[in-house]
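Here's the letter readout for the chains.
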Amino acid sequence: FQDFIIRLKRVGAMMRHVILLGALLAVARGASPTTNAVNTYKTDGTLDAAGSLASCVAGDEAFPEKTTVSFGNFQVDYKKTYKRVVNTAVTPNKVYLLYQRGCPAPTTETAGPNNGIFAVPLTGVKVDSSTFFPWFEYMGDRGAIRGVNGMYTASQCMWKNEISGYTKNVAFGVSYDSNGWYTMVDDDTNSTTPKVRTAAPEYNGITSTMSGSAYPTGPAQIVLSDTLEKDYYSQSEWVEYVAVFMNREKQVLDHSKSTRERWVCHSTAANQNVVKKKILWASYYNVTYVAWNADPDSATLMGWEVRKCDHTSNRHRHCKLITAAGGIPAMADVSKLPEAKKKNDGFTYQGMTSEEMIPFLADVDVIILGSTYCDGNTLKGDYSATVSGAECEAGWKDVIRAVTDTTNPGPALNPASYQVYDTFRITDPLGGTDFNNGVHMEPDVILEDYIKTMYPMVNTDHEFVWLRNIMTEGVGSLHKCADDPTKVGCAETGQVLAAKCTDPSAAYVLHMTGGCGGAAGGVYPRWGEDQSLAGCALPATWAQLTQRTENDVAFETGGLGNLMDLPRFGVWLCEEGHACATGDSPFFCFVFDEVDKVFVPWGPDSLLQLTNHTYV
């Protein structure tokens, strides 16, 4: 027994030595991180320190915060101290190896073939598309953008960084090829002397390039393929792709999840509507644009363009957005368009005249124009010609009036209540629209914009963010706030925007209105629930109503669709001129009770918006 006690004490001493050795090793290696290492920035928004680990040993878990991909065509595989990112949207796939700064870099021999190996988070990025600006800004990494390919943005702090010189507009004055950055300048004042190539190594600290093109220009090229996605939500998920390069997975994944929740909630509410309204996404070109290769099938012809819904194309995202908003894409049925104007792709109808569009537009409820851009060429056939905001607006309104059938204009083109929109509610200093930047970050908000054009009562709290009624609020890209500050969508100068950036380190501010649904709870109010309408009666039978002549009080009727509650409630009826009608519609609506054979008051048509539409 005594020997046993001695042996037990020796074992205890050995265990203490093992525990102490483990503690010493833990101190030497450093505790595993609990969050991803990210860049830090100074109060002026410029880079302070690159995200790095003080020590890193093979086998350590360098990325405790990870992402999951649900819709986008890319993959992320975590390998302890590095990530393997695959862009599966392009063929062949693009593969990138991202290792935590401070950890050993993987090699092609150990990690496989790839298109680039990067220390993350990235610190000096050239961003080839302004679409990606809000992604970096939301993550708090605006200061990582050191080069851009044009300033098509209304971001105040992006303009501040560009004007200060911290971020260079690489679209002007400097180029890049296999030999690196360079400039081409004359070495004397003789204009006939050939320009001399001058090297510009490590231009402005740019060490990587993010581009939506398969052939980007710049060092260490990273290809983003968000525009190849077939719906806006999948397209927006590419912000997670960028987040992987910046170690911001958790922040962005949380955003993507909440965005998806709001998208589903708003879509569910909108699709409960009894009436399905028809929306058209279309384009109009004032001039013909000839393709660079002179291919007639690649040209853009003057006139109207409509692209038929095609689930195999990235253009299908417009159709899916309309459907998610509870509408019917007018592009789903193009039987009224002239076959002679269909291009070889089988889906694009182009170069259509106003007369050819009128029959197609007869039952369209809402028209959304992809662009109402103006310049001297589009209005006067001369790029050097000066065009005012007033001229631009007048030109576009003439385009809409030309397709307005004066005898039977249809819901969208009724001169008393035009429902024609463009995407220029926020216009950047260069005449571009912020729509293309914002919707990729906030697809749930453009969904709300679309819903509001058709069913404003679904979320009464929502105000338009990107869509603008061109006949009542303004149209075109040339209105300047300095000349007409009250014009919706007027553009500030870059200098004015930069002056408004009071906190260069501030993140992108989301436009979302909060929850889902508005005063009506996101759905139509249930008939019979509003006690203030109890006195709104329709003392008539179906037989009496059907015997009315064209000189009597008019009424419209239809099925309840998704709101049907059989065997009792299946049909609605709206009577014109009813005393309870309010707003801009003279109709008041009821639901017929099949059991008690009475009309139950539902609400004014100005709220329900049931009349003069196709019923489902």
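Keep in mind that this is a model prediction, so the values were computed, not measured.

Asks: Please give an account of the layout of surface pockets that cites residues and values.
Replies: If you add up the space inside the largest pocket, you get close to 1,200 Å³. Surrounding the largest pocket, 43 residues form its lining, Trp281, Gly370, Ser371, Thr433 and Asn436 being those nearest its centre. When residues of the lining of the largest pocket are traced back to their parent elements, those giving at least two are helix H5 (232–236), strand E15 (278–285), strand E16 (303–307), helix H8 (316–324) and helix H12 (435–441). The residue makeup of the lining of the largest pocket, split by class, is 17 nonpolar, 19 polar and 7 charged.

Asks: Residues and numbers for the nonpolar core, please.
Replies: Counting residues in hydrophobic clusters, the biggest one holds 62 residues, and the most contacted among them are Leu280, Trp304, Val306, Met357 and Tyr450. Here the element with the most residues in this core is helix H13 (residues 443–454); it accounts for 6 residues. Counting residues in each nonpolar core, the second largest holds 47 residues, with Leu53, Val148, Trp238 and Met246 among its members.

Asks: So what's going on with the state of the cysteines? Residues and values would help.
Replies: One pass over the full model with this rule turns up 7 disulfides. For Cys56, the disulfide goes to Cys103, at an S-S distance of 2.0 Å. Between Cys56 and Cys103 the sulfur-sulfur dihedral comes to about 95°; the bridge is accordingly right-handed. With Cys56 in the loop between strand E2 (47–49) and strand E3 (74–79) and Cys103 in the loop between strand E5 (94–100) and helix H2 (108–111), the pair connects residues that are 47 residues apart, well separated along the chain. By the burial criterion, Cys56 is buried, and Cys103 matches it.

Asks: Hey, could you go over the confidence of the model for the protein for me, with residue numbers and the actual values?
Replies: When pLDDT is low, close inspection of the predicted coordinates is not appropriate. For the protein, per-residue confidence averages 85 on the pLDDT scale, and residues scoring 70 or more make up 88% of the total. Residue range residues 4–9 is modelled with pLDDT below 50. Its contacts to residues more than four positions away, or to other chains, number 0 contacts. In the predicted structure, residues 517–523 sits below a pLDDT of 50 and forms 16 contacts with residues beyond four places in sequence or in another chain.

Asks: Outline the side chain of Ser354, supporting the account with residue identities and numerical values.
Replies: Tracing the chain through its elements places Ser354 in helix H9 (residues 354–361). Judged by its relative accessible area of 15%, Ser354 is buried.

Asks: Account for helix H11 (residues 389–402), naming residues and giving values.
Replies: Here H11 contains 14 residues, and its C-alpha end-to-end distance of 20 Å stays within 8% of the 20 Å for a straight helix at 1.5 Å per residue. Considered for burial, the residues of H11 that qualify are Gly389, Cys392, Glu393, Trp396, Lys397, Val399 and Ile400. Angularly, the buried residues of H11 cover 150° about the axis, an arc narrow enough to put them on a single face. Against the buried residues of H11 lie E15, E16, strand E19 (366–369), helix H10 (376–380) and strand E20 (420–422).

Asks: Outline the sheet that holds strand E4 (residues 82–87), supporting the account with residue identities and numerical values.
Replies: Pairing is mixed in the open sheet, where 4 strands are placed in the order E3-E4-E5-E6. If you trace the sheet from one side to the other, it starts and ends with E3 and strand E6 (117–120), each paired once. In this sheet, neighbouring strand axes are inclined to one another by 25° on average, regardless of whether the strands run parallel or antiparallel. Both E4 and E5 contribute to a ladder of 6 bridges, which runs antiparallel.

Asks: Mind laying out the packing of helix H7 (residues 249–270) against H13, listing which residues take part and the relevant values?
Replies: Packing of H7 against H13 brings their axes to within 8 Å, and their N-to-C directions diverge by 15°. On the basis of their axis angle, the class for H7 and H13 is roughly parallel. Of the two possible hands of crossing, H7 and H13 adopt the one that is left-handed. In this structure, H7 uses Thr259, Arg262, Trp263, His266, Ser267 and Ala270 to contact H13, whose residues at the interface are Pro443, Asp444, Leu447, Glu448 and Ile451. Of the residues contributing to the contact of H7 with H13, the split by class is 5 nonpolar, 3 polar and 3 charged.

Asks: I'd like to hear about unusual backbone geometry, residue by residue, with values.
Replies: Residues Thr91 and Pro92 are joined by a peptide bond in cis, for which omega reads -5°. With respect to the element layout, Pro92 can be found in the loop between E4 and E5. Residue Pro121 is bonded to the preceding Val120 through a cis peptide linkage, with omega at 0°. Structurally, the position occupied by Pro121 is in the loop between E6 and strand E7 (125–127). Backbone geometry places Lys597, a non-glycine residue, at a positive phi of 60°. Here Lys597 shows up in the loop between strand E24 (587–593) and strand E25 (598–604). A relative accessible area of 53% means that Lys597 is categorised as exposed.

Calculation rules
- Residues numbered from 1 in each chain as written.
- Predicted model: local features only at pLDDT ≥ 70, side-chain atom pairs only at ≥ 80, totals over all residues.
- Heavy atoms only, no water.
- 1 Å grid on protein atoms, 1.4 Å probe; cavity = no way out; pocket = protein on both sides within 12 Å on 5 of 7 lines; lining within 4 Å.
- Points joined across faces, edges and corners; volume = space filled by probe spheres on them.
- Helix = DSSP H or I, 4+ residues; strand = E, 2+ residues; numbered from the N terminus.
- Nonpolar A, V, L, I, M, F, W, Y, C, P; charged D, E, K, R; others polar.
- Core = buried A, V, L, I, M, F, W, Y, C linked by side-chain atoms within 4.5 Å.
- Buried < 20%, exposed > 50% of the residue type's maximum accessible area, 1.4 Å probe, protein only.
- Disulfide = S-S within 2.5 Å.
- pLDDT = per-residue confidence, 0-100.
- Contact = heavy atoms within 4.5 Å.
- Expected span 1.5 Å × (residues − 1).
- Arc of directions from axis to C-beta.
- Pairing = 2+ DSSP bridges.
- Axes fitted to C-alpha atoms, helices over the stretch in contact; angles between N-to-C directions.
- Parallel < 35°, antiparallel > 145°, perpendicular 65-115°, else oblique.
- Left-handed = near helix turned anticlockwise from the far one by under 90°.

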